[in-house]
Each structure stands twice: as structure tokens, then as C-alpha cells.
Amino acid sequence: MNFTGKTIVITGGSRGIGEAIAESFVEAGAQVHALSRSESSRAAELQEKANTAGGVYTWHAADITDRPVLEEVLDSILKAEDGIDVLINNAGITRDGLLMRMKDEDWDAVLHTNLSSVYTACKKVIRPMLKARSGTIINISSVVGIMGNAGQANYSASKAGLLGFTKSLAREVASRGIRVNAVAPGYIETSMTEKLNDAARTALAEQIPLGRTGKPAEVASAVLFLASDAAAYITGQTLVVDGGLAM
């Protein structure tokens, strides 16, 4: 898939799934802007890949929970690139714990990071997209937002909220040629799963019909598809990438 000349913005783009998404678009020749608190350890490599593919990779330091900061960074990208073609809301955190023991600040932090930041980012980019009568927004949810998970009431609520948000926004902007979809990953090999011991990994894999955890690149492929012209007639949908876990 060729995204030459397309401007892509990814929140939480410095590691895990976000970094894999950034790399996929870089390799497709896009102008990639990754937003995160800390820079990717592979930033130099991604910049080199962008140069080879004829695109650009730029990292922006941004705390996406700080609304004025996020708006300012997005404004600077909109001005520099004369618009944003694809916005991918990927940034997310967990603060796990049983509800009766959950701290108020852990609830607030997860909802603010995982859901409120998406509201802020979409509200900032949607007007230019409406004016251009084109654009794509992809929100990274989770199978936990579909299935629920004990000890993750805050995370599940934020990811389920994203699914409702996605459908509502898709209905609002479809007449202007803008598509809004979600991707719901299952258990993916990230820094979280790397901490599991062999027994825990085996138990986890046994829950998944395909018998293994997913790779960040497999989620990135789904995002790339939804952002492409191949998905031109798809909006308001959730693409589940979970090895069959939630079916």
C-alpha cells in the first residue's frame, strides 16, 4: 500500500503497537508524525527507513492528557503539512485493580488518557477534514472493551467508550467523505506480555483459538488496511485482531 504524500499522525507512537504502526506507514512512504512523552529508541532507524521510502518520520514530545499541549502540537502539524490525512489514536495506559480497591486517580488517569485525549485530538482535526471532504480516523480500542476483564473496569470502560465514540463520529462525518473505524487488539506481544513467565504465557495462549499471542506488526497491518483506499467503503466498524479470543 502506497501512502506517499499522505500525512499520518499517531498518538502513543514511540513503542509497542504505536511504533509498529508508525513503521508500517514509514515503509509505505508517508509523512509520519509520532506523538508521545518519550522518543522511540528506534527513531534514527525509522527516520532512515522514511528517507529510503521517500517519506518523513518526525517525533513530537507531547503529553496527550494535557489538552492545550495536544492541541498546540496538532495545530503545528496541520499548518506545516496543510492538513492531516490519517489520525490514529493509539495512546493508552492501564492502572489495574479490583473496583472496590481502585483509587480515584487511577480511574481518572485511564479515562483521561485513553478516551478524553481521543475527543481532544478528533475535535482538533475534524474541521480541516470536513473542509477537505476527506480523511480517516482510526481508534485503537481493545477486546477488553468488548469482553470486559476482571481488575480492569477503568481500562474496559475507556476502550468500550472508544467503540461508541467511533460509531457516533462515523455517522456525523460520513456525508463529507470521512471514515472513522476502530481496531480492537487482543493479547499482543508488548512490554506487558514480555514480563510474563513461561507458565503464564502458556495459560494465555490456551485461551486464544489460534494458540498464540499477536505481534504488533499484525495490528499495524489492520490499521494500514483501514487507512487505505482498499477500505474506502468501510466506516463505523471495529476490526478485531485477537486470534479469535472474543468470537
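We now turn to the structure provided with this report. As the structure is a computational prediction, the values presented were derived from the model and not from experiment.

## Quick look at the sheet that holds strand β1 (residues 7-11)
The pairing of strands in a sheet happens through backbone hydrogen bonds and is either parallel or antiparallel. In spatial order, the strands read β3-β2-β1-β4-β5-β6-β7; together these 7 strands make up an open sheet with parallel pairing. Across the chains shown, the open sheet's two edge strands, defined by having one partner strand only, are β3 (56-61) and β7 (238-241). On average, each strand axis in the sheet is tilted by 15 degrees relative to the strand beside it, whichever way the strands run. Looking at chain direction, β1 and strand β2 (residues 31-36) are connected through 5 bridges and run parallel. Bridge pairing in β2 links Val-9 to His-33. Against the sheet, helix α4 (residues 104-132) touches β4 (86-89), β5 (135-140) and β6 (178-185), its axis set at about 170 degrees to β5. Taken strand by strand, helix α6 (residues 153-173) contacts β5, β6 and β7, and its axis lies near 165 degrees from that of β6.

## So, the environment of Ala-61
With respect to the helices and strands, the residue Ala-61 is situated in strand β3. For Ala-61 and Ser-36, which are 25 residues apart along the polypeptide, the C-alpha to C-alpha distance reads 5.5 Å. Setting aside anything within four residues of it in sequence, one finds Ala-61 in contact with Ser-36 and Val-73.

## With respect to the pairing of β1
Across the 5 residues of β1, 5 count as buried, placing the element largely inside the fold. With burial as the criterion, each face of β1 is covered, one bearing Thr-7, Val-9 and Thr-11 and the other bearing Ile-8 and Ile-10. Following the backbone out of β1, through helix α1 (residues 16-27) and into the adjacent parallel β2, one traces a crossover that is right-handed. Examined bridge by bridge, β1 and β4 share 3 bridges and lie parallel to one another. For Ile-10, the partnering residue across the bridge sits in β4 and is Ile-88.

## Observations regarding the packing of aromatic side chains
With the rule as written, the count across this model stands at 1 aromatic pair. Ring geometry for Phe-3 against Phe-25: centres 5.0 Å apart, planes inclined by 75 degrees, an arrangement best described as edge-to-face. One end of the pair, Phe-3, is in the segment before β1; the other, Phe-25, is in helix α1, and 22 residues separate them in sequence. In this structure, Phe-3 and Phe-25 share a single accessibility class: buried.

## Thoughts on a nonpolar patch on the surface
Taken together, the side chains of Ile-146, Met-147 and Val-240 present a nonpolar region at the surface, about 240 Å² in accessible area. Inspection of the secondary structure assignment puts Ile-146 in helix α5 (residues 144-147).

## A word on the pattern of salt bridges
For the coordinates displayed, the defined rule picks out 10 salt bridges. As a salt-bridge pair, Arg-42 and Glu-23 come within 3.0 Å of each other at their nearest N and O atoms. With Arg-42 in the loop between β2 and α2 (43-53) and Glu-23 in helix α1, this residue pair connects regions lying 19 residues apart in the sequence. Taking the relative accessible area as the measure of exposure, Arg-42 reaches 21% and is therefore partly exposed. Given the relative accessible area of 16%, Glu-23 is considered buried. We note a salt bridge from Lys-124 to Asp-75, for which the minimum N-O separation is 3.3 Å. One end of the pair, Lys-124, is in helix α4; the other, Asp-75, is in helix α3 (residues 67-81), and 49 residues separate them in sequence. What makes Asp-75 partly exposed here is its relative accessible area of 27%. Because the salt bridges share partners, they merge into one network encompassing Glu-19, Glu-23, Glu-27, Arg-42, Glu-45 and Lys-49.

Definitions and limits used
Residues numbered from 1 in each chain as written. Predicted model: local features only at pLDDT ≥ 70, side-chain atom pairs only at ≥ 80, totals over all residues. Heavy atoms only, no water. Pairing = 2+ DSSP bridges. Helix = DSSP H or I, 4+ residues; strand = E, 2+ residues; numbered from the N terminus. Axes fitted to C-alpha atoms, helices over the stretch in contact; angles between N-to-C directions. Contact = heavy atoms within 4.5 Å. Buried < 20%, exposed > 50% of the residue type's maximum accessible area, 1.4 Å probe, protein only. Right-handed = clockwise from strand over helix to strand, strands pointing away. Phe/Tyr/Trp six-rings, centres within 6.5 Å; stacked < 30°, edge-to-face > 60°. Patch = residues over 30% accessible without salt bridge, like charges linked within 9 Å, V, L, I, M, F, W, Y side chains within 5 Å. Areas by Shrake-Rupley, 256 points an atom, 1.4 Å probe, with all protein chains shown as cover. Salt bridge = Lys/Arg side-chain N within 4 Å of Asp/Glu carboxyl O.

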